[in-house]
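A look at the structure
The chain contents come next:
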Amino acid sequence: MASRDETGQCGLLGTKFLISAQDMERAVAFYRDVIGLEVRVQSPWWSELSYGTSIVALHGGGSGEFRATGLSFTVRDINAACAAVVRGGGILRSEPEDRGDEGIYLADLTDPEGNAFMMSQDK
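None of these values were measured; they are calculated from a predicted model. (Residues numbered from 1 in each chain as written. Predicted model: local features only at pLDDT ≥ 70, side-chain atom pairs only at ≥ 80, totals over all residues. Heavy atoms only, no water.)

1. Let's talk about the overall build of the protein chain
Across its full length, the protein chain carries 2 helices and 8 strands. Starting at the N terminus and walking to the C terminus, you meet the elements of the protein chain as β-α-β-β-β-β-α-β-β-β. Taken over the C-alpha atoms alone, the protein chain extends approximately 45 × 40 × 20 Å along its principal axes. Taken over 123 residues, the protein chain has a buried fraction of 34%. Taking as baseline every contact in the protein chain between residues at least 6 positions apart, the subset at least 24 positions apart corresponds to 51%. Once the 11 positive and 18 negative side-chain charges of the protein chain are each reduced to a mean point, those two points are 2 Å apart. (Helix = DSSP H or I, 4+ residues; strand = E, 2+ residues; numbered from the N terminus. Buried < 20%, exposed > 50% of the residue type's maximum accessible area, 1.4 Å probe, protein only. Contact = heavy atoms within 4.5 Å. Lys, Arg positive; Asp, Glu negative; His and termini not counted. Charge placed at Lys NZ, Arg CZ, Asp CG, Glu CD.)

Right under this line is the structure:
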């Protein structure tokens, strides 16, 4: 059995989630100021923001059109978080929903760049 210090055969170091940005400054501001990620690297075509060892990487050249991403954040207060996203220029696509036996409340949102993401709160 592998110990927690081992990183598998790939030598895994972390997680990086790539999404597109039409307006890099706006995207960085949204993920920094609204979501609360820390800017690690910022340029007009590539930026990285982190929380712990997880990284959201923004690639320039996005169209601004809606696109599903699979990106999801867990928050303390989903209603307050959804309101902050809307104030920050995002879109609330579905109100927080009680997901029953899944043990969470879940909302679907979109950032100002058209990237869909989810927010969840543990019950």
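2. Digging into the nonpolar core
Counting residues in hydrophobic clusters, the biggest one holds 23 residues, and the most contacted among them are Y31, I35, L58, F73, F117 and M119. For this core, the elements supplying multiple residues, two or more each, are strand 1 (15-21), helix 1 (24-35), strand 4 (54-60), strand 5 (67-74), helix 2 (78-87), strand 7 (104-110) and strand 8 (115-122). The residues contacting L58, other than those within four sequence positions of it, are I19, A21, M24, A27, V28, Y31, W45, W46, S47 and L49. (Core = buried A, V, L, I, M, F, W, Y, C linked by side-chain atoms within 4.5 Å.)

3. With respect to the environment of D98
Within the secondary structure, D98 is located in strand 6 (residues 91-98). When the C-alpha atoms of D98 and K123 are compared, they prove to be 8.7 Å apart, with 25 residues separating the residues in sequence. Beyond its immediate sequence surroundings of up to four residues, D98 is in contact with I104, Y105 and K123. There is a polar contact of 2.5 Å between the side chain of D98 and the side chain of K123. (Polar contact = N/O pair within 3.5 Å; in protein donor to acceptor, adjacent residues only side chain to side chain.)

4. What about the sheet that holds strand 7?
Taken in spatial order, the 4 strands line up as 5-8-7-6 in an open sheet, and their pairing is mixed. A strand with exactly one partner marks an edge of an open sheet, and here the two such strands are strand 5 and strand 6. Here the strands of the sheet are splayed against their neighbours by 20° on average, with no regard to which way each runs. Sheet strands in contact with helix 1 are strand 5 and strand 8, and its direction is about 10° off that of strand 8. (Pairing = 2+ DSSP bridges. Axes fitted to C-alpha atoms, helices over the stretch in contact; angles between N-to-C directions.)

5. Focus on the side chain of Q121
Tracing the backbone shows Q121 in strand 8. Here I78 takes part through its backbone nitrogen, which lies 2.8 Å from a polar atom of the side chain of Q121. Excluding residues that lie within four positions of it along the chain, Q121 makes contacts with V75, R76, D77, I78, G103, I104 and Y105.

6. Regarding the sheet that holds strand 3 (residues 46-51)
One open sheet holds the 4 strands; their spatial order is 1-4-3-2, and the pairing between them is mixed. Across the chains shown, the open sheet's two edge strands, defined by having one partner strand only, are strand 1 and strand 2 (38-42). Neighbouring strand axes in the sheet, compared pairwise and without regard to direction, differ in orientation by 25° on average. Across 6 bridges, strand 3 lies against strand 4 in antiparallel orientation. Opposite L49, over in strand 4, you have V56 as the bridge partner.

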